[in-house]
Amino acid sequence: MINDPVLIDDWHPVELSQELKEGGISAARVLGEDIVLWRLKGEVLAWRDLCLHRGTRLSLGRVENDNLVCPYHGWAYNGEGQCVHIPAHPDQVPPQKARARSYRVQESYDMVWVSLGYPAHDVPAYPEWDEPHYHKTFCGPYDIQASAPRVLENFVDVAHFPFVHDGLLGDQRYPQMEDYEVEVGSNGVIARDVRIWQPKPDGSDPEHPSSYTFHIQRPLTVYVVKPTAETRFAFFFTVTPVEKLVSRGWLWLSTDTAYDVPEDEIRAFQDELFDQDIPVVESQRPEMLPLDLQAELHLRSDRTAIAYRRWLNELGLTFGTA
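Criteria and thresholds
- Sequence order sets the numbering: in each chain, residues are counted from 1 along the sequence as written.
- Where local features are concerned, this predicted model is filtered to residues with pLDDT of at least 70; where side-chain atom pairs are given and counted, the filter is 80 or more; whole-chain, interface and lining totals use all residues.
- With hydrogens and water stripped out, all remaining heavy atoms of the structure feed into the side-chain values.
- Strands here mean DSSP runs of E at least two residues long; helices mean DSSP runs of H or I at least four residues long; both are numbered from the N terminus.
- Expected helix span is computed as 1.5 Å times (number of residues minus one).
- What we call the bend at a residue is the angle made by axes fitted to the seven residues finishing there and the seven residues starting there.
- Whether two residues are in contact is decided by their heavy atoms, any of which lying within 4.5 Å being enough.
- At least two DSSP bridges between two strands are required for those strands to pair.

Before going further, it helps to spend a moment on helix H4 (residues 263-283). Residues separated by three or four positions in an α-helix point in the same direction, a consequence of the helix having 3.6 residues per turn. Over its 21 residues, H4 extends 31 Å from the first C-alpha to the last, a length consistent with the 30 Å expected when each residue adds 1.5 Å. The axis of H4 is deflected most strongly, by about 25°, at Asp277, and proline Pro279 appears within four residues downstream. Those residues of H4 that are buried lie in contact with strand E11 (134-144), helix H2 (148-155), helix H3 (161-164), strand E16 (232-243) and strand E17 (246-256).

So this is what it looks like as structure tokens:
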């Protein structure tokens, strides 16, 4: 396991709830740790993906009689993680130390979240989730060969819209950004009224800039609001730190009832944006996000990124940073 107390004691999404059926098994990886997920009587269990006998991945096994059975020698582990049956020695009571290491797990926003440590807080807030008049669409997950802080910072950087997403999120003819303010506190980083010119849906020239509010709630989670004259958009984006240079992004997009676009079109649009972002983010050097503000050049338009890096430094985050 990668030793970063800040992220070890945080929550990370590892699977969509719908992908883990009753009696089903799934494998995940967080901070270099392999995890096996399985659902028993409606509850999701998350363990270290390791049989204590010969180190085989339990995720290759099966669920049988409410036990998770190792594929190698058939050792059976009950819902508490205790080995209860060894087929080669059926009359022998398995030793107490033959017990799988379990992790904290919960389901929120139709995703399975796991913490490898002892989180002092709940999963990040997504206010629109419980609002019935909002339509919610999941996009992703997106696999990116880059450090998780680099991925998160890219998501809150609107200055790249006119160049990486020209014609979709931005327009190279209108790259100017107005000044804006950022605050950092116990609830994270909040950047309000971040404006950038964006094309109209019909492709015509923009008449005024769009405004975003970014709330980076946790080191790898951001909640974004974009109000327009017609509707209100809310984005919930979180990044799972798989390895130092392997990340997985999960995105929920919420719109109120004034926005009537098929989910397939919404996903296709977000997929196209990520296809444009991924090679750029994967090319960044240094690969780790520099927390020393002297390591890279910064402008007023980078205020969100500057505040984010300072906040990570204050938290003591070491994973994915330089």
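Now that the structure has been shown, we can carry on.
Within the secondary structure layout, Phe138 lies in strand E11. The spatial distance from the C-alpha of Phe138 to the C-alpha of Leu16 is 9.8 Å, given a sequence separation of 122 residues. Apart from residues no more than four positions distant in its own chain, Phe138 is found in contact with Leu16, Met111, Trp250, Leu251, Trp252 and Arg267.

So, about the sheet that holds strand E5 (residues 62-64). Strand order in the open sheet made by the four strands is E5-E6-E7-E8, with antiparallel pairing throughout. Two strands lie at the open edges of the sheet, namely E5 and strand E8 (83-85), each paired on one side alone. Of the strand pairs in this sheet, strand E7 (residues 76-77) and E8 are connected by two bridges, and their pairing is antiparallel. Looking across to E8, one finds that Ala76 is bridged to His85.

This part takes up unusual backbone geometry. Omega for the peptide link from Gly140 to Pro141 comes to 0°, which places this bond in the cis form. Structurally, Pro141 is set in strand E11. Cis geometry marks the peptide bond from Arg285 to Pro286, where omega comes out at 0°. Along the chain, Pro286 falls in the loop between H4 and helix H5 (303-315).

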